[in-house]
Amino acid sequence: DAKTTQPPSMDCAEGRAANLPCNHSTISGNEYVYWYRQIHSQGPQYIIHGLKNNETNEMASLIITEDRKSSTLILPHATLRDTAVYYCIVSAGGTSYGKLTFGQGTILTVHP
Amino acid sequence: GAGVSQTPSNKVTEKGKYVELRCDPISGHTALYWYRQSLGQGPEFLIYFQGTGAADDSGLPNDRFFAVRPEGSVSTLKIQRTERGDSAVYLCASSFSPGNTIYFGEGSWLTVV
């Protein structure tokens, strides 16, 4: 699976949009971009994933650049409960049975 | 419940003892995964089951670690002769089928003293 690069930490004010970047310049054509988050002392929580089109669900939006070498996870109105470690993961989905390789992630701190 | 269930949530054991950790995947999910997470690190893959068989156990650190899924549903991760370095959170996850979205449980916190 391709490697990802994320900033180690970010801050965001409550109520503002949180934009978390991820670099995956070696991504292959069949690899998806997945985002998970992990709130302290809990298991990782699935947020969203995409292949090449932008995606949106009730939790977040995922913007993937046209060359697919980077992406941004957007939490439109961050709350204190969104404070967590956010992991950007690239995986080939069905061809690798969804095995996920986690990096260090980005620690997002939402402050009042 | 609707999610992946893991028991026990916390386990303290003495060095050298045997430990079993149980995972009950989401109903209907055929793929099951075990991960291990050490303090300050991201989760690391241990083993993957498709049905009853271990399709990939390349992440198991050594032969003290073993996992089974005899009926294709519940899985047990077994650790023999535990060492202090085995202390970690052991996460179980499942997906409807290989390659589908993976959902994690809350983990079993193992402390070896």
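Residues numbered from 1 in each chain as written. Chains lettered and ligands numbered in written order. Predicted model: local features only at pLDDT ≥ 70, side-chain atom pairs only at ≥ 80, totals over all residues. Heavy atoms only, no water.

Asks: Just checking my understanding: could you explain the overall build of chain B for this structure?
Replies: Of regular secondary structure, chain B possesses zero helices and 11 strands. Element order for chain B, N to C, with α for helix and β for strand: β-β-β-β-β-β-β-β-β-β-β. Taking 2.2 N^0.38 as the reference for a compact globule, 113 residues should give roughly 13 Å; the C-alpha atoms of chain B span a radius of gyration of 13 Å, in line with that estimate. When the 113 residues of chain B are sorted by exposure, 46% land in the buried category. Put simply, of all contacts in chain B between residues at least 6 apart along the chain, 53% involve residues at least 24 apart. (Helix = DSSP H or I, 4+ residues; strand = E, 2+ residues; numbered from the N terminus. Rg over C-alpha atoms; globule rule 2.2 N^0.38 Å. Buried < 20%, exposed > 50% of the residue type's maximum accessible area, 1.4 Å probe, protein only. Contact = heavy atoms within 4.5 Å.)

Asks: Can you help me understand the state of the cysteines in this one?
Replies: Joining two cysteines, a disulfide is a covalent bond between their sulfur atoms. Using the criterion set out here, one finds two disulfides over all chains in the structure. Two residues, Cys-22 of chain A and Cys-88 of chain A, share a disulfide whose sulfurs are 2.1 Å apart. Handedness here is read from the sign of the S-S torsion; for Cys-22 of chain A and Cys-88 of chain A, about -80°, the answer is left-handed. Within this pair, whereas Cys-22 of chain A is found in strand β2 (residues 18-23), its partner Cys-88 of chain A is found in strand β8 (residues 84-91), the two being separated by 66 residues in sequence. Across a sulfur-sulfur distance of 1.9 Å, Cys-23 of chain B and Cys-92 of chain B are joined as a disulfide pair. Given an S-S torsion of about -70°, the disulfide between Cys-23 of chain B and Cys-92 of chain B has left-handed geometry. Note that Cys-23 of chain B is positioned in strand β3 (residues 19-24) and Cys-92 of chain B in strand β9 (residues 88-95), a separation of 69 residues in sequence. Accessibility assignment for this pair places Cys-23 of chain B and Cys-92 of chain B in one class, buried. The thiol sulfur of Cys-12 of chain A is not disulfide-bonded, and the nearest other cysteine sulfur, from Cys-22 of chain A, lies at 18 Å. (Disulfide = S-S within 2.5 Å.)

Asks: How should I be thinking about the pairing of strand β3 (residues 32-38) of chain A in this particular structure?
Replies: Across a regular strand the side chains alternate sides, sitting on one face of the sheet and then on the other. Residues and elements named next belong to chain A. Along β3, six of the seven residues are buried, which leaves the element largely enclosed by surrounding structure. Strand direction decides the pairing type here: β3 and β8, joined by seven bridges, are antiparallel. Along β8, the bridge assignment pairs Tyr-34 with Ile-89. Alignment of β3 against strand β4 (residues 45-50), held across five bridges, turns out to be antiparallel. Residue pairing in the sheet places Tyr-34 in a bridge with His-49 of β4. Counted between consecutive antiparallel strands, the loop separating β3 from β4 contains six residues, among which Ser-41 sits at a positive phi close to 70°. (Pairing = 2+ DSSP bridges.)

Asks: Whenever I open this one, the interface of chain B and chain A confuses me. Can you help?
Replies: Chain B puts 21 residues into the contact, and the matching count from chain A is 19 residues. The contact between chain B and chain A buries some 1600 Å² in all, and 54% of this surface belongs to carbon and sulfur atoms. Of all residues in chain B, Pro-43, Thr-101 and Phe-104 of chain B bury the most surface against chain A, accounting for 26% of the area lost on that side. There are zero salt bridges connecting chain B and chain A. Connecting chain B to chain A are three residue pairs in polar contact (both at pLDDT 80 or more). For the side of chain B that touches chain A, the secondary structure elements donating two or more residues are β4 (31-37), β5 (44-50) and β10 (103-104) of chain B. (Buried area = accessible area lost by both parts, 1.4 Å probe. Salt bridge = Lys/Arg side-chain N within 4 Å of Asp/Glu carboxyl O. Polar contact = N/O pair within 3.5 Å; in protein donor to acceptor, adjacent residues only side chain to side chain.)

Asks: Any chance you could explain the sheet that holds β4 of chain A here in plain terms?
Replies: All names here are of chain A. Taken in spatial order, the five strands line up as β1-β9-β8-β3-β4 in an open sheet, and their pairing is mixed. At either margin of the open sheet sits one strand with a lone partner, and together these are β1 (9-13) and β4. For this sheet, the mean inter-axis angle between neighbouring strands, taken without regard to orientation, is 25°. (Axes fitted to C-alpha atoms, helices over the stretch in contact; angles between N-to-C directions.)

Asks: How should I be thinking about the sheet that holds strand β6 (residues 61-64) of chain A in this particular structure?
Replies: Adjacent strands of a sheet pair through backbone hydrogen bonds, lying either parallel or antiparallel. Residue and element names in this part refer to chain A. Judged by pairing direction, the sheet is antiparallel, and its four strands sit side by side in the order β2-β7-β6-β5 without closing on themselves. In the strand order of this sheet, the two ends are held by β2 and β5 (55-56), each with one partner. Sheet analysis places β6 next to strand β7 (residues 70-75), joined by four bridges and oriented antiparallel. Its bridge partner lying in β7, Ile-63 is registered against Thr-72.

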